[in-house]
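For reference, the chains in residue letters:
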Amino acid sequence: MLMKKALFALASFLCLSLSGSQLTPRGNVTVLTLAEKAQTNYTIIYAENAKSAALELRAYLKILSNGVVFPLASEKVPVKTPFISVGQTKFARDAGIGGTLPERTATEIKVIGENIYLYANKDPFHAVMNFLEGDLGCRFYTDKISYFPVKNELKIAIASRCESAAFEERLILTDYDLVRHDGWTRHNKVLKWEHFRHPGTWFAHTYSRVLPAQNFSRHPERFAVVQGKPSSTMICPTHPENIQDFKIAIRKAMKQYPGKRYFSVSENDGGYPYCQCLRCKEIISNHGDAPIAPHLYLVNEVAKSVADRAPKQLVDFLVYTFPFRKLPVNLEMEPNVNLWFCCTGNRIIPEIKKYGREEELHSWRRRVKHMTVWDYSLVPDNYFQVEPNLYAKSQNLKFYKKYDIEGVMIQEPFGCRAGDQQRLRAWVFSKLLWNPELDVDELAREYCEGVYGVAASERYAYYELVEKAGRAGKTIEDFYGIKQFVKEAGRLFETARSKLLNQSAALRELEMDYLPILVTEINMIFDDYPANKKNFPMERYQYLLSEIKRISGQYQMTKYNECTSMFGFISEREMLQQLSANNGIFEVHAVNGRLYDYPVVNDPLAVGGKVTRQFCNGSWNVQWLLPVNLFEPGCKYQLAAEMRSGKKSNLRDVCVGGIYNKTKKQMFFLDKVDGCLLSDSEYRFVKLGKPFLPERGNELYVFFNAPPTSDIGELYVNRIRLIPVMEKTNDSRYTP
């Protein structure tokens, strides 16, 4: 299987000069000939736990030497020199290799006589990959494009050196094609996506793991007190039953997942108000009015209960939302606690240049024995927004190394193919996570030369176009203006595309990189409506739509953002074309709206066969951002939704629907739905509220939820309509 993968990568050969590479190692150089005239004198010997790494080395040496098979032997078998020692063999130990390496992940590559030692203190693959990449010149750019400098005479310069990883845990949360790919992650020495060494169920925002919102009606006393009354949005972290349940749950999880390191005790996502019960208020007051103090009381209690699992397993908490960032006074953390520090806010400015951020991080670092970082790079609402932050992120990694951060997770657009220069950034980040001192621009240049070949100059020029704004600390819009930027970027991509028409692997990468520019341009035209209505560029708009459909479909680029599918985005952009044909009616399937917690299910009763399902927990998991700019000025609209219930009900107020004004942060309107209007066996359109006049210039979205007191089981939503109203509407709530 390994050889098949290697040969597949070989098929994607591209020309590259590595003489000036950032990855060329420094050290005392010895020139050795590993193979010539279709044979080798070298034997690969391996330690007991390094056989897989040795097999991989042999497979790539066969490629590099144009077919020479290197003999392979265990360290327990007598071998002749010269040899390549892989792992912590007795030969390496006898030669004193690895004795000076630090405790953190490190490798030593050394030549003694003609023998080569590839030693790693943690994972033998690290030493093999450093040898393949640094000394032999291999590159593993993407899951489909690699580079191997094949030579009939495999004569190489080997630099004896020690290398230490800047961070123990290194993860780029990005395209699953890369971060879930065994080969790509191993070759680039980063973690495979397995929740950053957490169990998936104990990754982050875990309050609901112990006490789900569905329990609110039965145990309101265990939930947070907000404005004087219990709220289902958060639990009380100091309630004795919650503390006890967390202790039991975390111990059980640690036993269930002995190979996982971190187990998160963390607040719900969304920035909900923290608990203000008398117990929590007293703790907050005693620790410098820091809202996170009661939560840390919970974390410490749980940590003390599982101290026997340390140091291999740690309790983990987040410093994330704004109220929880304030450091409490006189509150020490248990030694088996890991702080996962989230770097939020402006992504274009390096963390060290943000006011107060260095003091904040340094203060928290002094408080805990273990600390990791969650660095956000993506724009959550638009994965395709061009965000010039690669330079800033490279500076961040130097900053984190300064404060001895143990692990870093960089969150890019993830779980899908999306984002500006997504795969270039992933490869560059993989190098910087090992060594932040590398030159980010030269790494990007090498990637462009290795992946795009004859179109490298145009592709690197686009990289420079983006990062020029980033180095100035400005957004693309502020630095160039969107119109000027898409014009220049489009010219570069069209020229590059014309050069790669017969190179399918490189063209695939280029067109995926081009999609953010096409999305940016169509958004510019869409957002300018109706100001551009008189001279609307329909031909260009239709071309952009067709290209976005083609590229996203051909390369399976399925998500516009974390909560909206690409199909949903395209459907909304098509609305502008369809206004006259639909008599001004706007219709969207709920599954193409903005969705949280993956509420899509199959339902043969529904038009289209897929619907959203919400449980009775009060969550706003199904939303639709209204295209306010497309509404006819002065026209009122009636909101209607096609819904059904999981169970029949005759109760009043079994669910609600409404519109929220995000700009003003207030409810636009809210309407309660009686159970008699819903069926459990068919979908019915139900009018919500009265005809309303949209507020132009405001961000409005439709939402639905079923409260914990509802007895309908689940709420299913299919189509959502906005109907222009020219005259008084029928008072009936049920629309067949």
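Going by the structure above, here's the rest.
Residue positions are given per chain, counted from 1 along the sequence in the order it is written. For a predicted model such as this one, the threshold for reporting local features is a pLDDT of at least 70, and the threshold for listing and counting side-chain atom pairs is 80 or more; totals across whole chains, interfaces and linings nevertheless cover every residue. Side-chain figures throughout are based on the complete set of non-hydrogen atoms in the structure, without hydrogens or water.

1. Here we look at helix 17 (residues 482–499)
The periodicity of an α-helix, 3.6 residues per turn, causes residues three or four positions apart to be oriented the same way.
Okay, so step 1: Put simply, DSSP H or I for four residues or longer makes a helix, DSSP E for two residues or longer makes a strand, and each gets a number counted from the N terminus. Given the number of residues in a helix, its expected span is that number minus one, multiplied by 1.5 Å. End to end, helix 17 covers 26 Å across 18 residues, agreeing with the expected 26 Å (1.5 Å per residue, within 8%).
Okay, so step 2: Between buried and exposed lies partly exposed: a residue is buried under 20% and exposed over 50% of the maximum accessible area for its type, with that area taken using a 1.4 Å probe on protein chains only. Inspection of helix 17 places F485, V486, A489, G490, L492, F493, A496 and R497 among the buried residues, and these make up the whole buried set.
Okay, so step 3: The contact rule is simple, with two residues in contact once any of their heavy atoms fall within 4.5 Å. Buried-residue contacts for helix 17 involve helix 15 (456–471), helix 16 (476–479), helix 18 (504–527) and helix 19 (538–554).

2. Some remarks on the pairing of strand 25 (residues 636–645)
Okay, so step 1: Along strand 25, 9 of the 10 residues are buried, which leaves the element largely enclosed by surrounding structure.
Okay, so step 2: Here strand 25 runs beside strand 30 (residues 714–725); their pairing, made up of 9 bridges, is antiparallel. Following the sheet pairing, Y637 is matched in strand 30 by P724. Two strands make a pair as long as DSSP finds a minimum of two bridges between them.

3. Notes on the sheet that holds strand 17 (residues 407–411)
Okay, so step 1: Read from one edge to the other, the open sheet built from 6 strands follows the order 10-17-16-15-14-13, with strand pairing classed as parallel. Single-partner strands in this sheet number two, and they are strand 10 (169–173) and strand 13 (262–264). Pairwise comparison of adjacent strand axes, ignoring direction, gives a mean angle of 25 degrees for this sheet.
Okay, so step 2: As judged from the 5 bridges shared by strand 10 and strand 17, these two strands associate in the parallel manner. Residue pairing in the sheet places L171 in a bridge with M409 of strand 17.
Okay, so step 3: Axis definition: a line fitted to C-alpha atoms, limited for helices to the stretch in contact. Angles are taken between N-to-C directions and run from 0 to 180 degrees. Contacts from helix 13 (residues 422–434) reach strand 10 and strand 17 within the one sheet, and its direction differs from that of strand 10 by about 165 degrees.

4. Side note on the packing of helix 19 against helix 20 (residues 566–578)
Okay, so step 1: Between helix 19 and helix 20, whose axes approach to 11 Å, the crossing angle comes to 165 degrees. The angle between helix 19 and helix 20 places the two elements in the roughly antiparallel class. The way helix 19 lies across helix 20 gives a crossing that is left-handed. Residues M538, Y541, Q542, L545, I548, K549 and S552 of helix 19 touch helix 20, and the partners they reach there are M566, I570, R573, E574, L576 and Q577.
Okay, so step 2: Residue composition of the contact of helix 19 with helix 20, by class: 7 nonpolar, 3 polar and 3 charged. When an angle is under 35 degrees it counts as roughly parallel; over 145 it counts as roughly antiparallel; between 65 and 115 it counts as roughly perpendicular; any other value is oblique. Left-handed describes a crossing whose near helix is turned anticlockwise from the far helix by less than a right angle; the clockwise case is right-handed. In the scheme used here, Gly and all other residues not listed as nonpolar or charged are polar, with Ala, Val, Leu, Ile, Met, Phe, Trp, Tyr, Cys and Pro taken as nonpolar and Asp, Glu, Lys and Arg as charged.

5. Examining the sheet that holds strand 21 (residues 594–595)
Okay, so step 1: The sheet built from 5 strands is open, its strands ordered 21-24-29-26-27 with antiparallel pairing. Each edge of the open sheet carries a strand with a single partner, namely strand 21 and strand 27 (666–673).
Okay, so step 2: Pairing analysis gives 4 bridges linking strand 24 (residues 622–625) to strand 29 (residues 700–705), with the strands arranged antiparallel. Considered in strand 29, the bridge of L625 is made with Y701.

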